[in-house]
Amino acid sequence: QVQLVESGGGLVQPGGSLRLSCTTSTSIFSINVMGWYRQAPGKEREPVAAMTSGGSTNYADSVKGRFTISRDNAKDTVYLIMNSLKPEDTAVYYCKANLFGDRGRNNWGQGTQVTVSS
């Protein structure tokens, strides 16, 4: 298992930017895949961005070109840099990790609220 702690959410105006952070309780080298998901009220949780241990990335079409997933190995932290934010980006954002030793188990953080509103 791994504990994940998200931070960086808040209220931002349309067109603004935020950087979300996900700090892990274990070495990031033990994690096969890390990703960011989001869930708006009344909607399913949906994938936003993911990064493999090798650095490959994948993005939802709705955020491609606006969001970037990155990591700082020394800090065991993964980031989601969000630019050109839209009201439809409003959601609780969750960090997810899958360990090399238990790839079938999803490990979730508690989430951080992002609200995009004028």
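Preceding block: the structure.
A short tour of the structure in this document, coming up. Position labels on residues start from 1 in each chain and follow its written sequence. Selection of residues for local features in this predicted model requires a pLDDT of at least 70, selection of side-chain atom pairs for listing and counting requires 80 or more, and totals for whole chains, interfaces and linings are taken over all residues. As a rule here, side-chain values cover all heavy atoms of the structure and leave hydrogens and water aside.

1. Thoughts on the sheet that holds strand S8 (residues 77-82)
Within a sheet, adjacent strands bond to each other through the backbone by hydrogen bonds, running parallel or antiparallel. Stated precisely, the cut-off is as follows: Strand pairing follows a simple DSSP-based rule, namely that at least 2 bridges must link the two strands. A helix here means a DSSP run of H or I that spans at least four residues, while a strand means a run of E at least two residues long, and both kinds are numbered starting from the N terminus. Simply put, an axis is a line fit to the C-alpha atoms, just over the touching stretch for a helix, and the angle between two N-to-C directions goes from 0 to 180 degrees.
In spatial order, the strands read S1-S3-S8-S7; together these four strands make up an open sheet with antiparallel pairing. Each end of this open sheet is capped by a strand with a single partner; those strands are strand S1 (4-7) and strand S7 (67-72). The average undirected angle you get between the axes of adjacent strands in this sheet is 20°. Relative to S8, strand S3 (residues 18-24) runs antiparallel, the two being bridged by six bridges. Following the sheet pairing, Thr23 is matched in S8 by Thr77.

2. Things to note about unusual backbone geometry
Under the convention used in this document: Burial classes: relative accessible area under 20% of the type maximum marks a residue as buried, over 50% as exposed, and values in between as partly exposed (1.4 Å probe, protein chains only).
Phi angles above zero are rare outside glycine, and Asp76 is one such case at about 50°. Here Asp76 lies in the loop between S7 and S8. A positive phi angle is found at Ser84, which is not glycine, with a value near 50°. In this structure, Ser84 sits in the loop between S8 and strand S9 (91-99). In this structure Ser84 comes out as partly exposed when scored by relative accessible area, which is 42%.

3. Some words on the environment of Pro87
Mapped onto the secondary structure, Pro87 falls in the loop between S8 and S9. Put simply, Pro87 and Thr57 are 30 residues apart on the chain and 24 Å apart in space, counted from C-alpha to C-alpha.

4. Comments concerning the state of the cysteines
Heads up, the rule is: The disulfide definition used here is simple: a pair of cysteine sulfur atoms within 2.5 Å.
Taken as a whole and judged by the stated rule, the model has one disulfide. Each sulfur of the disulfide joining Cys22 and Cys95 lies 2.1 Å from the other. Because the torsion about its S-S bond is -80°, the bridge between Cys22 and Cys95 counts as left-handed. Taken together, the residues span a long stretch of sequence, with Cys22 in strand S3 and Cys95 in strand S9 at a distance of 73 residues. On the basis of relative accessibility, which here comes to 1%, the residue Cys95 falls in the buried class.

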